[in-house]
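Analysis of the macromolecular model
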Amino acid sequence: MSLHLASALPEGNDRPRSGPQRYVPFSEHLGLAVERAEGGESVVSVALRPELLNNHGNGHGGVLMTLLDSAMAHAALSRVDYAREVVTVDMHIAFMRPASGPLQAQGRATGGGRSVCFCEATVTDANGDVAARAMGTFRYRDPV
């Protein structure tokens, strides 16, 4: 299942606010693409552009954090077949190395219950090197 947030959604107010192809303006702005989200696992990617780099010429930490957050949120959502919404309650990130090139985050729901979901995610670069890891807690809520 390939969900490209930046290009697959119609223009205007008829963009979906929930479900696997939800419209998230910030994700679209960054160019995040949900490549897979099912069974409590997800893969989200981004192609780094000049405006997404830090002053050292590598992926900005905020971009990596957003990529990790998105991967974990989609993992949590896919665990409940997108029947509910999630909000990030807590997130811990470890930056391992500078990130460059296209990046991919793999997210996984690791536990929780009816009201919260615990997740983890890893960002890798084109060489498969780990750039960052995260753990997060997401609260489920009914769709708005």
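Just so we're clear, the structure is a prediction, and the values are computed from it rather than from any experiment. (Residues numbered from 1 in each chain as written. Predicted model: local features only at pLDDT ≥ 70, side-chain atom pairs only at ≥ 80, totals over all residues. Heavy atoms only, no water.)

A count of helical and extended segments in the protein gives 2 helices and 6 strands. Beginning at the N terminus, the succession of helices and strands in the protein can be written as α-β-β-α-β-β-β-β. Out of the 144 residues in the protein, the part that is buried amounts to 40%. Sequence separation of 24 or more characterises 61% of the internal contacts of the protein that already satisfy a separation of 6 or more. By element, 50% of the accessible surface of the protein is carried by carbon and sulfur atoms, the whole surface being about 7600 Å². (Helix = DSSP H or I, 4+ residues; strand = E, 2+ residues; numbered from the N terminus. Buried < 20%, exposed > 50% of the residue type's maximum accessible area, 1.4 Å probe, protein only. Contact = heavy atoms within 4.5 Å. Areas by Shrake-Rupley, 256 points an atom, 1.4 Å probe, with all protein chains shown as cover.)

The next subject is the pairing of strand β6 (residues 130-141). Regular strands place side chains that alternate from one sheet face to the opposite one. The sheet contact formed by strand β3 (residues 85-95) and β6 spans 10 bridges and is antiparallel. The partner of F95 across the bridge, within β6, is A132. Two strands pair when backbone bridges link them, and strand β5 (residues 116-124) and β6 are joined in this way by 9 bridges, in the antiparallel orientation. If you follow A121 over to β6, its bridge partner there is A134. (Pairing = 2+ DSSP bridges.)

Enumeration according to the criterion identifies 4 salt bridges in this entry. Across the pair R36 and E41 runs a salt bridge, and its minimum N-O distance is 3.8 Å. Residue R36 is classed as partly exposed on the basis of its relative accessible area of 29%. Measuring nitrogen to oxygen at the nearest pair gives 3.6 Å for the salt bridge that ties D142 to R84. A residue pair is termed long-range when its members are at least 10 positions apart, and D142 in the segment after β6 and R84 in the loop between α2 (61-79) and β3 qualify at 58 residues. Note on D142: relative accessible area 56%, which makes it exposed. What makes R84 partly exposed here is its relative accessible area of 24%. (Salt bridge = Lys/Arg side-chain N within 4 Å of Asp/Glu carboxyl O.)

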